[in-house]
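Structural overview for review
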Amino acid sequence: MDAGGQRRGIQPWWLAFCFPVMFGCMEQVAAQIKYSVPEEVKVGSVVGNVAKDLGLDISSLEERRFRIVSGTEEAQFAVNQNNGILFVHEKIDREELCKTVSPCLMNLKMVAENPMEIHYVGVEIIDVNDNSPKFEEDEKILEISESTVPGKRFQLPTAHDPDVGINTVRVYKLNQNEYFSIQIRERGEDKIPFLVLQKALDREMHREHKLILTAADGGNPPRSGALNVTVTVLDSNDNHPTFSQEVYSVTVPENVDADTSVIKVKATDEDEGANGDIEYSFGGQLDRKIYDMFSLDKNTGEIRVKGEIDFEKVDVFKLDVHATDKGQPPMSTDCRVIIKVLDKNDNKPQIEVTSLSNMVSEDSKPGTVVYLISIIDQDSGLNGKVICSLSDNVPFDLKPSYQDNMYSLVLKQHLDRESVSHYEVTITATDCGQPPLSTFKTVNIDVSDVNDNKPEFLQNPIEIYLLENNVPGNEICSVSALDKDLNENAALTYHIIREESNQGKAATFLNINSDNGHISALKSFDFETLKTFQFQVVATDSGAPSLSSNVTVHVFILDQNDNAPVILYPVSSNGSAEGVEEIPRNVNAGHLVTKVRAYDADIGYNGWLLFSLQEVTAHSLFGLDRYTGQIRTLRSFTETDEAEHKLLILVKDNGNVSLSATATVVVKLVEPREAFAAADVKSASKDDEDNNVTFYLMITLGSVSTLFLISIIVLIAMQCSKSTAYTSKYLQETNYDGTLCHSIQYRSGDKRYMLVGPRMSIGSTIVPGSHANTLVLPDRRGTSTEFQVVATDSGAPSLSSNVTVHVFILDQNDNAPVILYPVSSNGSAEGVEEIPRNVNAGHLVTKVRAYDADIGYNGWLLFSLQEVTAHSLFGLDRYTGQIRTLRSFTETDEAEHKLLILVKDNGNVSLSATATVVVKLVEPREAFAAADVKSATKDDEDNNVTFYLMITLGSVSTLFLISIIVLIAMQCSKSTDCTSKYLQETNYDGTLCHSIQYRSGDKRYMLVGPRMSIGSTIVPGSHANTLVLPDRRGTSTEALPISGSPLIEVVCRRSTHRRVSNMIIG
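Owing to the predicted nature of the structure, the values given are computational and were not obtained by experimental measurement. (Residues numbered from 1 in each chain as written. Predicted model: local features only at pLDDT ≥ 70, side-chain atom pairs only at ≥ 80, totals over all residues. Heavy atoms only, no water.)

Some points on the overall build of the protein
On a plain count of helices and strands, the protein comes out with eight helices and 73 strands. Of all 1066 residues assigned to the protein, the portion counted as buried reaches 40%. The contacts of the protein with a sequence gap of at least 6 include a subset with a gap of at least 24, amounting to 64%. (Helix = DSSP H or I, 4+ residues; strand = E, 2+ residues; numbered from the N terminus. Buried < 20%, exposed > 50% of the residue type's maximum accessible area, 1.4 Å probe, protein only. Contact = heavy atoms within 4.5 Å.)

Things to note about the sheet that holds strand E37 (residues 475–478)
Taken together, three strands build an open sheet; the order of strands is E37-E41-E40 and the sheet is antiparallel. Both outer strands of the open sheet, E37 and strand E40 (510–512), are each paired with one neighbouring strand and no more. Sheet twist, expressed as the average angle between the axes of neighbouring strands with direction ignored, equals 25°. Judged from the three bridges that link them, E37 and strand E41 (residues 518–521) form a sheet pairing that is antiparallel. By the bridge assignment, Cys 477 is partnered in E41 with Ile 519. (Pairing = 2+ DSSP bridges. Axes fitted to C-alpha atoms, helices over the stretch in contact; angles between N-to-C directions.)

Structural notes on the packing of aromatic side chains
Taken as a whole, this structure holds 13 aromatic pairs when the rule is applied. Cation over ring: Lys 523 sits above Phe 509, and NZ or CZ is 4.2 Å from the ring centre. Cation over ring: Lys 531 sits above Phe 527, and NZ or CZ is 4.9 Å from the ring centre. (Phe/Tyr/Trp six-rings, centres within 6.5 Å; stacked < 30°, edge-to-face > 60°. Lys NZ or Arg CZ within 6 Å of the ring centre and 35° of its normal.)

Topic: the pattern of salt bridges
Under the definition given, this model contains 19 salt bridges. When the shortest N-O distance is used, the salt bridge between Asp 320 and Arg 336 registers 2.5 Å. Taken together, the residues Asp 320 in strand E25 (residues 316–325) and Arg 336 in strand E26 (residues 332–342) connect sequence positions 16 residues apart. Each member of the pair Asp 320 and Arg 336 is classed as buried. Here Asp 449 makes a salt bridge to Arg 417, at a shortest N to O gap of 3.0 Å. Taken together, the positions of Asp 449 in the loop between strand E34 (438–448) and strand E35 (456–457) and Arg 417 in the loop between strand E32 (406–411) and strand E33 (422–431) put the pair 32 residues apart, joining distant regions of the chain. Given the relative accessible area of 17%, Asp 449 is considered buried. Salt bridges here are not isolated pairs; linked through shared partners, they connect Arg 65, Arg 67 and Glu 113. (Salt bridge = Lys/Arg side-chain N within 4 Å of Asp/Glu carboxyl O.)

Description of the nonpolar core
Counting residues in hydrophobic clusters, the biggest one holds 29 residues, and the most contacted among them are Phe 294, Ile 303, Val 321 and Val 337. Secondary structure elements with two or more residues in this core: strand E19 (247–253), strand E20 (261–264), strand E22 (278–282), helix H4 (288–293), strand E23 (294–296), strand E24 (302–305), E25 and E26. Setting aside chain neighbours within four positions, we find Val 321 in contact with Phe 243, Val 265, Tyr 280, Ser 281, Phe 282, Leu 296, Ile 303, Thr 333, Asp 334, Cys 335 and Val 337. The next biggest cluster of nonpolar side chains, apart from the first, holds 27 residues, and it includes Phe 457, Cys 477, Leu 492 and Ala 507. (Core = buried A, V, L, I, M, F, W, Y, C linked by side-chain atoms within 4.5 Å.)

Things to note about the sheet that holds strand E27 (residues 350–354)
With antiparallel pairing, four strands are arranged side by side in an open sheet as E27-E29-E32-E31. Edge positions in the open sheet fall to E27 and strand E31 (396–400), since each of these has one partner strand only. Going across the sheet, the axis of each strand differs from the next one's by a mean of 30°, ignoring polarity. Looking at chain direction, E27 and strand E29 (residues 369–376) are connected through five bridges and run antiparallel. Within the sheet, the bridge partner assigned to Gln 350 lies in E29 and is Ile 376.

Observations concerning unusual backbone geometry
Here the residue pair Gln 434 and Pro 435 is connected by a cis peptide bond, since its omega of -5° sits within 30 degrees of zero. Relative to the helices and strands, Pro 435 is located in the loop between E33 and E34. A cis amide bond, omega 0°, links Tyr 569 with the succeeding residue Pro 570. By secondary structure assignment, the location of Pro 570 is in the loop between strand E44 (566–569) and strand E45 (578–584). You will see that Asn 255, though not glycine, has its phi angle at about 60°, which is positive. Examined against the element boundaries, Asn 255 turns out to sit in the loop between E19 and E20.

A word on a negative patch on the surface
Residues Glu 136, Glu 137, Asp 138, Glu 139 and Asp 287 make up a contiguous surface patch of negative charge. By the element assignment, Glu 139 lies in strand E10 (residues 139–145). (Patch = residues over 30% accessible without salt bridge, like charges linked within 9 Å, V, L, I, M, F, W, Y side chains within 5 Å. Areas by Shrake-Rupley, 256 points an atom, 1.4 Å probe, with all protein chains shown as cover. Lys, Arg positive; Asp, Glu negative; His and termini not counted. Charge placed at Lys NZ, Arg CZ, Asp CG, Glu CD.)

Brief notes about the pairing of strand E67 (residues 912–922)
Most of E67 is tucked away, with eight of its 11 residues classed as buried. Across nine bridges, strand E66 (residues 896–904) lies against E67 in antiparallel orientation. Note that in E67 the partner of Lys 904 across the bridge is Ser 912.

Quick word on the environment of Val 171
With respect to the element layout, Val 171 can be found in strand E13 (residues 169–174). On the basis of relative accessibility, which here comes to 29%, the residue Val 171 falls in the partly exposed class. Residues Val 171 and Asp 217, 46 residues apart in the sequence, show an inter-C-alpha distance of 6.5 Å. Ignoring anything within four residues of it in the chain, the contact list for Val 171 reads Ile 184, Thr 214, Ala 215 and Ala 216.

A look at the state of the cysteines
Within this structure, the stated rule accounts for one disulfide. Two residues share a disulfide in this structure: Cys 98 and Cys 104, whose sulfurs sit 1.7 Å from each other. Every disulfide takes its handedness from the sign of the S-S torsion; for Cys 98 and Cys 104 that torsion is 55°, giving right-handed. (Disulfide = S-S within 2.5 Å.)

So, the environment of His 89
Note on placement: His 89 falls in the loop between strand E6 (85–88) and helix H3 (94–98). Residues His 89 and Val 46, 43 residues apart in the sequence, show an inter-C-alpha distance of 9.7 Å. When neighbours within four sequence positions are excluded, His 89 is seen to be in contact with Val 43, Ala 75, Gln 76, Phe 77 and Ala 78.

As for the confidence of the model for the protein
Taken as a whole, the protein shows an average pLDDT of 77; of its residues, 76% reach a score of 70 or greater. Considering only residues more than four positions removed or in separate chains, one finds that residues 975–996, a stretch of pLDDT under 50, has 55 contacts. (pLDDT = per-residue confidence, 0-100.)

Here we look at the environment of Arg 597
Here Arg 597 shows up in strand E47 (residues 597–599). We classify Arg 597 as partly exposed; its relative accessible area is 43%. Discounting chain neighbours no more than four positions away, the residues touching Arg 597 are Val 566, Ile 567, Leu 568 and Tyr 569.

Focus: the side chain of Asp 449
A polar atom in the side chain of Asp 449 sits 3.0 Å from the side chain of Arg 417. Polar contacts involving the side chain of Asp 449 include one to the main-chain amide nitrogen of Leu 486, which spans 3.0 Å. If we skip the residues at most four places from it in the chain, Asp 449 touches Glu 362, Arg 417, Glu 418, Asp 485, Leu 486 and Asn 489. (Polar contact = N/O pair within 3.5 Å; in protein donor to acceptor, adjacent residues only side chain to side chain.)

Written as structure tokens, this is what we have:
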């Protein structure tokens, strides 16, 4: 068959179109299409484009897994997921599939997923004439009495053709002869051939007749089958048996017991004797299976049940019964027995479940389809009508479909996986028969997790007690949170909230393991400086979107006995705890000699001090109060008592491991007169010293005052001068060599600025438009910022609302460590250390100091020795950077050793820096000599210069403030009637504390500001603080704005002249 013929033979039509979704079935489009296809077509022949006829998107068929999901005939057909075409998958034999049923209709159930849709497609198998009529026997022998009169009919075997309709047997033909003709009678849908005697037989002429019966169907071209009929002519038996009725009809229930009587047929023969004795038999053209189902008593004609009667297999049996007499020749007749089977409720419903997955998300909305359920009951009528139900206490419901026995299992209410994560839903299908039959099927439904639970801390707040002097880097505590969700939704990460408050600053020295919540301290805490602090830890899950919760951790630092007592009195001039007390010899017992005062920075028992006498020349003379430290005489002195007594007092605390300090008090006994004389001498000496110091101070103060008066006069003269050659010490002039030598820092808003002159520090950025002399300094204080976003609609009037957005800046490891020590004169990290050769093991050579601007692990520095000439000589503490000797030096050790120290942080991608330390071994004499010279020089400087230098500096600072105030007052006095017509600062109180004048080109500028601190200045062009001073050579001047700043005119009146100056607004 060509392609065109194939397309003409397959004509799809709509048997039913898309109905609205009924009975609450959600997201399910159901339709039924009917196609027809001839049998015996080639494999791969196209039946129809199902996707196009159903209105499905062809491009999504493969993604939606469009397929045939049920039916015993799915092997006969298949669907192409690329184009939606239904094609023949295997050879189709209508006779094998449908037997004699017409029309032969095959129902296919097709499913598409995401969303799930189920469609029913009917394919009618069109019969083709591929089978020839066939008789059960190759030859039929008939015995006909010669006395038979013409017109007598004899039934012939029928031919069987598996084809149906027009292709089945339509006509019987008999070969041409003069004695017989063929006659066809219809019994229901069957055509029965009869041989009709046309002419009386003459046995003496012809003993038998050879005939050929041909059966032909109605196909095009027609097919045929032949049967050889032999007619034997007998002597007369001229009456044939006759049934009481030609068609018998009876009903029998299915599953009836074997040997049950169904019906009894009766035939009579008017002949007598053997010619009237009748025997019954089944027609030979019956299906062989009928002989297994029923039995026939040949003598009585009673039909009994022999096999199993099943309505679902065959609902109607058609039997042909022959009655034959025993005459010679025998005569026979036949009748049709129709046995109808009554259905019984003997088949349980069958449950078929179709689903994408056995898992449903806990955030699914009610009404979500979980399963598609189809119920099949092979019984008919009420016996095949099924009622479906679910088990109790499940959040699911059944929604019936428009088609009988079709349901959708849908979600009835919201799910909570944390409460119930698994459901076993039992589906019960019960038919309406008597008695009803039921089938149960259990489906397992797992609830998948969504991130709907925040992490929960078991305790909030958390209190931690930490001993001071903890080891940096060690764990101090851990926090743990629980999340009821699963997998990634329950995978928690931890981080510490960094705050700018005093409490939050302590948190910068803490680091937390983001995976397990273990918290370690990056520094050692000291109880004496910090007793308690708190911070917050945030636990965040890994869901999308993530959820978090926080916990407040209170840390209480516990005191340890790590501070030894400090002697406050007595203290000698060189700083040692020694003192001399002179008392008269004639004092009585109980006289207060002195009181030893001490202090311990610890608290509690660790800071509770006890005093005791360790050494004393005479135990009977002095007593020490162990709690107050008072030294008193125990008795009066005698002439035999020594004049000087040395007391060694031990002061110790009450810690578990007590720490102590000692003080020495020398008590000198003097006669009463000498005691008063000594007091007078001390007083006179003290007066002389005070007089001398006062004299020197007066001279110093007078000199400084004179110098500053001169400086003020010079400054006033410079302000009042009309020199045209005035240049700015801040602005770059034509002959400026690029060296910056002066800087003043100040803050404006959230930025820090620096006004610089020659010798400008490296690493700052010049602000555009500020005459190249204002630098913006980096501000590392801000770790967070916030701004507001306003949303405004377009209505009239418009409405708006705003939201505050907090942006938290997280630290990254973008700063390498910076070596603070050693640093050479050229700026490189190199240094030379000289130590004596005779030092012992553990001697501190030096300490490498470094700094990292990052925080947390990114700022935690570790030190390591990269290169060293002798590994056995020096050791480096990896946490503190201290370099110590590992052993004593020998004569064979080299005099110079080079150490290369690597300093790196603990970031994910660590950054590092290196420092070089050259250790030189010198002889002990040289080392001590150098130390003595340094010590002597330092002592002289400290004793002779420091005190007077402090007084001098204080005087200079005071006079400098006075000079500045006078200078500002003079500046303000020049324009007593100067007011701004346009600018008014909100918080400006009119006091100008500082001003700096400079010239740029032919204009002069003054930087002024209220309450400006000493050593600071204000950015030119910002906050209305830059004035253009009038040039005394003219009556007016004008300043161009800096960085696009507007000009404000200020009118100043002085005497009778009117001058105009301009103010630049930042």
